[in-house]
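One letter stands for each residue in the lines below.
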Amino acid sequence: MEVLRVQSIASRTVDTIPSKFIRPESERPDVGRIGRAPQLPVIDLSNPDQESLVQDMAKAAQEWGIFQIINHGIPQQVVEELQRVGKEFFELPQVEKERIARNSASPSLEGYGTQLQKDLQGKLSWVDFLFHNIWPPSRINFDKWPKKPASYTASNEEYAKHLQNVVDKLLGTLSLGLGIEEEVLKKSLGGDEFVYLLKINYYPPCPRPDLTLGVVAHTDMSALTVLVPNDVPGLQVCKDDQWFIADYIPNALVVHIGDQIEILSNGKYKSVLHRTTVNKEKARMSWPVFCSPPDECMIGPLPHLTDETNNPPKYKTKSFKDYAYCKLNKLPQ
Ligand SMILES: O=C(O)CCC(=O)C(=O)O
Ligand SMILES: [Fe+2]
């Protein structure tokens, strides 16, 4: 069955978009009216003063649930390679991309595709994507990795190798920020079985960016997400019930706190509500890596952080697999 991709629709539309992409007025990005974020918190991962690093990151995770990291140790050229090969993949002829299309009948998210979640209004989003795991090796299925360009595999493996150090540092620092031992969050999330799922979002240019959204408002179901953006802005974040346009500084990585860390922290850290807008002239792209516990891992508020009388658990304990099933099917948790 042929699936129509947003990229193909975009290449045929000049000044209108199909009605399936038009969001109800209350959901439109409303770029003219909403505010610009003062600046997403910036965390310097190379800060030698551990105490201030811990405090700054914990504050950002509590107040925003999202921050940018600089001096993260991933060489710029490794990030640029990741971007280059991903962009080249999306610029291939459609038949080439369809070779690794996601099988919509399979429970796996991996592969090239369009629209993942059932939208309650039956609306579509202005984005195509590619999903595949990049870590650990036991979770990698190269059948869903592009064969073109030829350097795709090496560039993604190199990025995954560097990313692990960053993720370990983030988890360690966030643990200390909760007043618990450095290794607790990582251990609770499956330790070395922690799964890194790369997504590439490709938002084609859109003649009516005022009417549609790239990704609709959501929180990530991961534990945390580390994202490389391209140079086209479009991320909006919700803080204290207000939407803001988020600006980020060049070469920073954007870290989202996801649902699993909100749950483990018993709500102290916030899973950020966010969405994306699209651009009239340029393709926007982003490379989030969703870092999540393995399917059978049980996640609930950490016993270190709760007590039945003063601070009872605010969330149920359940396997990540059950959590993900409810989230993707919009069922109560
Ligand atoms: O493109 C972005 O900046 C964010 C994408 C996103 O939120 C997602 O894919 O979950
Ligand atoms: Fe997201």
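Quick notes on the rules
- Residues numbered from 1 in each chain as written.
- Chains lettered and ligands numbered in written order.
- Predicted model: local features only at pLDDT ≥ 70, side-chain atom pairs only at ≥ 80, totals over all residues.
- Heavy atoms only, no water.
- Helix = DSSP H or I, 4+ residues; strand = E, 2+ residues; numbered from the N terminus.
- Rg over C-alpha atoms; globule rule 2.2 N^0.38 Å.
- Buried < 20%, exposed > 50% of the residue type's maximum accessible area, 1.4 Å probe, protein only.
- Areas by Shrake-Rupley, 256 points an atom, 1.4 Å probe, with all protein chains shown as cover.
- Lys, Arg positive; Asp, Glu negative; His and termini not counted.
- Charge placed at Lys NZ, Arg CZ, Asp CG, Glu CD.
- Core = buried A, V, L, I, M, F, W, Y, C linked by side-chain atoms within 4.5 Å.
- Contact = heavy atoms within 4.5 Å.
- UniProt positions renumbered as here; feature names shortened; annotations may be inferred.
- Pairing = 2+ DSSP bridges.
- Axes fitted to C-alpha atoms, helices over the stretch in contact; angles between N-to-C directions.
- Donors = N, O, S within 2.8 Å, 3.2 Å for Na, K, Ca; no water.
- Arc of directions from axis to C-beta.
- pLDDT = per-residue confidence, 0-100.
- Near = heavy atom within 4 Å.
- Polar contact = N/O pair within 3.5 Å; in protein donor to acceptor, adjacent residues only side chain to side chain.
- Nonpolar A, V, L, I, M, F, W, Y, C, P; charged D, E, K, R; others polar.

Chemist: Can you lay out the overall build of the protein chain for me, pointing to particular residues and giving the numbers?
Modeler: Assigned secondary structure in the protein chain consists of 8 helices and 14 strands. In terms of overall size, the protein chain behaves like a compact globule, its C-alpha atoms giving a radius of gyration of 19 Å where 333 residues would be expected to give roughly 20 Å. Here the protein chain holds 333 residues, and 55% of them are scored as buried. Element-wise, carbon and sulfur atoms account for 52% of the exposed surface of the protein chain, whose accessible area totals about 15500 Å². Side chains of the protein chain give 38 positive and 42 negative charges; the mean places of these two sets differ by 7 Å.

Chemist: Can you break down the nonpolar core residue by residue, with the values?
Modeler: Grouped together as the largest cluster of nonpolar side chains are 65 residues, with contacts concentrated most on F67, I69, Y159, L163, L170, L174 and I261. A per-element tally of this core places helix 5 (residues 152-177) first, with 9 residues. Ignoring any residue separated from it by four or fewer positions in sequence, one finds I261 in contact with L171, L174, L185, L189, A223, L224 and Y269. Counting residues in each nonpolar core, the second largest holds 12 residues, with Y203, C206, L211 and V278 among its members.

Chemist: Can you break down the UniProt feature "domain: Fe2OG dioxygenase" (unreviewed entry) in the protein chain residue by residue, with the values?
Modeler: In the numbering used here, UniProt assigns the "domain: Fe2OG dioxygenase" (unreviewed entry) feature to residues 193-293. Strand forms 42% of residues 193-293 and helix 6%; the C-alpha atoms that close the span are 7 Å apart.

Chemist: Got a sec to walk through the sheet that holds strand 3 (residues 66-70)? Specific residues and values, please.
Modeler: Read across the open sheet, the 8 strands follow the order 2-3-10-7-12-6-5-4; overall the sheet is mixed. Two strands lie at the open edges of the sheet, namely strand 2 (42-44) and strand 4 (111-114), each paired on one side alone. Going across the sheet, the axis of each strand differs from the next one's by a mean of 25°, ignoring polarity. Two strands pair when backbone bridges link them, and strand 4 and strand 5 (residues 128-135) are joined in this way by 4 bridges, in the antiparallel orientation. The residue bridging T114 from the neighbouring strand is D128, located in strand 5. Packing of helix 3 (residues 76-90) onto the sheet brings it into contact with strand 4, strand 5, strand 6 (195-203), strand 7 (224-229) and strand 12 (284-292), and relative to strand 12 it is tilted by some 115°. Set on the sheet, helix 5 makes contact with strand 3, strand 5, strand 6, strand 7, strand 10 (253-257) and strand 12; between it and strand 7 the angle comes to about 130°.

Chemist: Quick one: what's the story with the coordination of the iron ion (ligand 2), residue by residue and with numbers?
Modeler: The iron ion (ligand 2) binds to the protein through H218 (NE2), D220 (OD) and H274 (NE2); the donor distances cover 2.1 to 2.2 Å. Positions of the donor residues of the iron ion (ligand 2) along the chain correspond to the pattern H-x1-D-x53-H. Linking H218 in the loop between strand 6 and strand 7 with H274 in strand 11 (residues 273-276), this pair joins segments that are 56 residues apart in sequence. A residue is classified by how much of its surface remains accessible, and H274, at 5% relative accessible area, is buried.

Chemist: Describe in detail the sheet that holds strand 11, supporting the description with residues and values.
Modeler: As summarised here, the arrangement of the 4 strands in space is 1-9-8-11, forming an open sheet in which the pairing is mixed. Each end of this open sheet is capped by a strand with a single partner; those strands are strand 1 (35-36) and strand 11.

Chemist: Hey, could you go over the pairing of strand 5 for me, with residue numbers and the actual values?
Modeler: The element strand 5 is largely enclosed, with a buried count of 7 among its 8 residues. Where strand 5 meets strand 6, 7 bridges bridge the pair, whose relative direction is antiparallel. Its bridge partner being in strand 6, F129 is matched across the sheet by N201.

Chemist: Describe helix 8 (residues 320-328), naming the residues involved and giving the relevant values.
Modeler: Of all the positions in helix 8, only F320, Y323, A324, C326 and K327 are classed as buried. Summarising the axial view, the buried residues of helix 8 lie within an arc of 165°, below the 170-degree limit, and thus occupy one face. Contact partners of the buried residues in helix 8: helix 7 (259-264), strand 12 and strand 14 (318-319). K330 occupies a position one or two residues after helix 8 and carries a positive phi of about 55°.

Chemist: Mind laying out the confidence of the model for the protein chain, listing which residues take part and the relevant values?
Modeler: Detailed conclusions should not be drawn from predicted coordinates in areas where pLDDT is low. Considering every residue of the protein chain, the mean pLDDT works out to 94; 97% of them sit at 70 or more. For this predicted complex, the interface confidence reaches an ipTM of 0.99, while the overall pTM sits at 0.96.

Chemist: Go over the site of ligand 1, please, and point to the residues and values.
Modeler: Around ligand 1, the surrounding shell consists of K199, N201, Y203, H218, D220, L227, H274, T276, R284, S286, P288 and F290. Take Y203: an N or O atom from its side chain is 2.7 Å from an oxygen atom of ligand 1. Note that an oxygen atom of ligand 1 is positioned 2.9 Å from one of the side-chain N or O atoms of H274. When the free accessible area of ligand 1 is taken as 290 Å², the share hidden by the protein chains comes to 97%. Split by residue class, the shell around ligand 1 holds 4 nonpolar, 5 polar and 3 charged.

Chemist: Give a detailed account of the pairing of strand 9 (residues 242-245), specifying residues and quantitative values.
Modeler: Regular strands place side chains that alternate from one sheet face to the opposite one. Pairing of strand 1 with strand 9, which is carried by 2 bridges, proceeds in the parallel orientation. Along strand 9, the bridge assignment pairs R36 with I245. Pairing between strand 8 (residues 235-239) and strand 9: 4 bridges, direction antiparallel. Following the sheet pairing, C238 is matched in strand 9 by W243. Linkage of strand 8 to strand 9, two consecutive antiparallel strands, is achieved through a turn of 2 residues, within which D240 is found at a positive phi near 50°.

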